[in-house]
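Summary of the model geometry
Chain residues, written in single-letter form:
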Amino acid sequence: MGQKRDLHIFAERAAAHDFLVNRWDNIAKRAIANRGRFTVALSGGKTPGDFFRRLAAKNGLPWEKTHLFQVDERFVSPADRESNLFLIGETLTKGASIPPENIHPITTEGITPEESATAYEEELRRFFHDSALPRFDLIMLGIGNDGHSASLFPGSPCLHETKGLVVPTVAKAPPRERISLTLPVINNARVAVFLATGEQKAPVMREILEDNNSSLPAAQVRPAKGSLLFVLDNRAASLLS
Ligand code: 6PG
């Protein structure tokens, strides 16, 4: 791997979350000092909820200058408990004083998945002011037991996308229809972070961290001009040598 990679393992999940909250704070303040705003894209799933709650409870984060985007979304109503936006709302944005206009959701209502992906791509191009690749200050990722990350699943043709920023994808398990940022966007981040906790993640973490030839989607996350951070609890790290 060419980029800088950092691995942090914690005995308790809460300690991993506290570490990440502090890292978020540092990255946000540096981004605002350098560029006047902090841009971050969030994943969903079950893992990040408690981290988001801790983030919402942290005093002094610069929410006024923070812009929240989504890494991926399940194609369900935003009121559905399976919605990643619902998770972000319940655990983070309800409790943090973030201006509503700083939240940039993937739309899933009244449009098709293709239209949704196109609309989000347009939103990214508008926000980042050009047609080049957006460069997020921070992209928060999770990892599935099958090695997927964002909504980029093993064997998906979307893994070969080179131009598009946002694609409609299909998962094996419901909710199957998804919208996802593409690898070129993820790999253009200044910092990409994987948060993985629990013993179910142990086998896939071993492959991602110890098999240089892995072709799993999560192993294809290698920010070319950025850094890659892994934050694990003891259980997710239990099979590392
Ligand atoms: C999603 C995701 C996805 C997630 C992993 C891990 O919408 O499902 O954003 O990439 O990060 O599937 O999910 P868990 O945290 O539920 O294990």
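See the structure shown above.
Please read all numbers here as calculations on a predicted model, not as lab measurements.

Rules behind the numbers
Residues numbered from 1 in each chain as written. Predicted model: local features only at pLDDT ≥ 70, side-chain atom pairs only at ≥ 80, totals over all residues. Heavy atoms only, no water. Pairing = 2+ DSSP bridges. Helix = DSSP H or I, 4+ residues; strand = E, 2+ residues; numbered from the N terminus. Buried < 20%, exposed > 50% of the residue type's maximum accessible area, 1.4 Å probe, protein only. Polar contact = N/O pair within 3.5 Å; in protein donor to acceptor, adjacent residues only side chain to side chain. Contact = heavy atoms within 4.5 Å. 1 Å grid on protein atoms, 1.4 Å probe; cavity = no way out; pocket = protein on both sides within 12 Å on 5 of 7 lines; lining within 4 Å. Points joined across faces, edges and corners; volume = space filled by probe spheres on them. Nonpolar A, V, L, I, M, F, W, Y, C, P; charged D, E, K, R; others polar. Phe/Tyr/Trp six-rings, centres within 6.5 Å; stacked < 30°, edge-to-face > 60°. Lys NZ or Arg CZ within 6 Å of the ring centre and 35° of its normal. Expected span 1.5 Å × (residues − 1). Right-handed = clockwise from strand over helix to strand, strands pointing away.

It is worth spelling out the pairing of strand β7 (residues 166-170) at this point. The pairing of β7 with strand β8 (residues 177-181) spans 5 bridges and is antiparallel. Of the residues in β8, the one forming a bridge with Thr169 is Arg178. The turn joining β7 and β8, which pair antiparallel and follow one another in sequence, is formed by 6 residues.

Topologically, Ser43 is positioned in the loop between β2 (38-42) and α2 (49-57). Using a relative accessible area of 6% as the deciding quantity, one classes Ser43 as buried. Of the polar contacts made by the side chain of Ser43, one reaches the backbone oxygen of Met140; its length is 2.7 Å. If we skip the residues at most four places from it in the chain, Ser43 touches Pro48, Phe52, Val71, Asp72, Met140, Leu141 and Gly142.

Turning to its location among the elements, Phe153 is positioned in the loop between β6 (138-141) and β7. Accessibility expressed as a relative area gives 6% for Phe153, which makes it buried. Residues Phe153 and Ala218 lie 65 residues apart in sequence; the distance between their C-alpha atoms is 9.0 Å. Aside from chain neighbours lying at most four places away, what touches Phe153 is Asp146, His148, Leu159, Thr169, Val170, Ala171, Arg178 and Pro217.

On the secondary structure map, Thr39 appears in strand β2. Every residue in contact with Thr39, bar those within four places of it in the chain, is listed here: His67, Phe127, Phe128, Arg135, Phe136, Asp137 and Leu138.

Glancing now at empty space enclosed by the protein. All chains considered together, the criterion is met by 3 cavities of 30 Å³ or more. Of the pockets and cavities examined, the largest cavity occupies roughly 50 Å³. In the lining of the largest cavity, the residues fall into 5 nonpolar, 4 polar and no charged. In this structure, the second largest cavity encloses a volume near 40 Å³. Taken together, Leu42, Leu68, Phe69, Gln70, Leu85, Ile88, Ile103, His104 and Pro105 make up the lining of the second largest cavity. At the level of secondary structure, the elements contributing two or more residues to the lining of the second largest cavity comprise β3 (66-70), α3 (84-93) and β5 (103-104). Examining the composition of the lining of the second largest cavity, we find that 3 residues originate from one element, β3, more than from any other. Of the residues assigned to the lining of the second largest cavity, the class counts are 7 nonpolar, 2 polar and no charged.

Here the focus is the layout of surface pockets. For the largest pocket, the calculated volume is near 920 Å³. What lines the largest pocket is a set of 37 residues, among which Gly44, Gly45, Lys46, Thr47 and Arg74 lie closest to the centre. Only α2, β4 (72-74) and α3 provide two or more residues apiece to the lining of the largest pocket. With 5 residues, α3 is the largest single contributor of residues to the lining of the largest pocket. Looking at side-chain class alone, the lining of the largest pocket contains 10 nonpolar, 16 polar and 11 charged residues.

On to the packing of aromatic side chains, then. In total, this model carries 12 aromatic pairs according to the counting rule given. Each residue in the set Trp24, Phe38, Phe51, Phe52 and Trp63 is aromatic and connected to the rest through ring pairs, giving one cluster. Against the face of Phe128 rests Arg37, its NZ or CZ located 5.6 Å from the ring centre.

Let us look at helix α1 (residues 13-35). Along its 23 residues, α1 runs 32 Å from first to last C-alpha, staying within 8% of the 33 Å computed at 1.5 Å per residue. Turning to α1, its buried residues number three or more, namely Ala16, His17, Phe19, Leu20, Val21, Trp24, Asp25, Ile27, Ala28, Ala31 and Ile32.

What follows covers the pairing of strand β9 (residues 191-196). The buried count for β9 comes to 6 of 6 residues, which makes it a mostly enclosed element. Residues Val191, Val193 and Leu195 line one face of β9 and the alternating positions Ala192, Phe194 and Ala196 line the opposite face, and both faces are buried. In this sheet, β9 lies alongside β6 in parallel orientation, the contact comprising 3 bridges. Paired with Ile139 across the strands is Ala192, a residue of β9. Here 6 bridges tie β9 to strand β10 (residues 227-233), and the two strands are oriented parallel to one another. Following the sheet pairing, Ala196 is matched in β10 by Leu232. For the segment spanning β9, helix α6 (residues 202-210) and β10, crossover handedness is right-handed.

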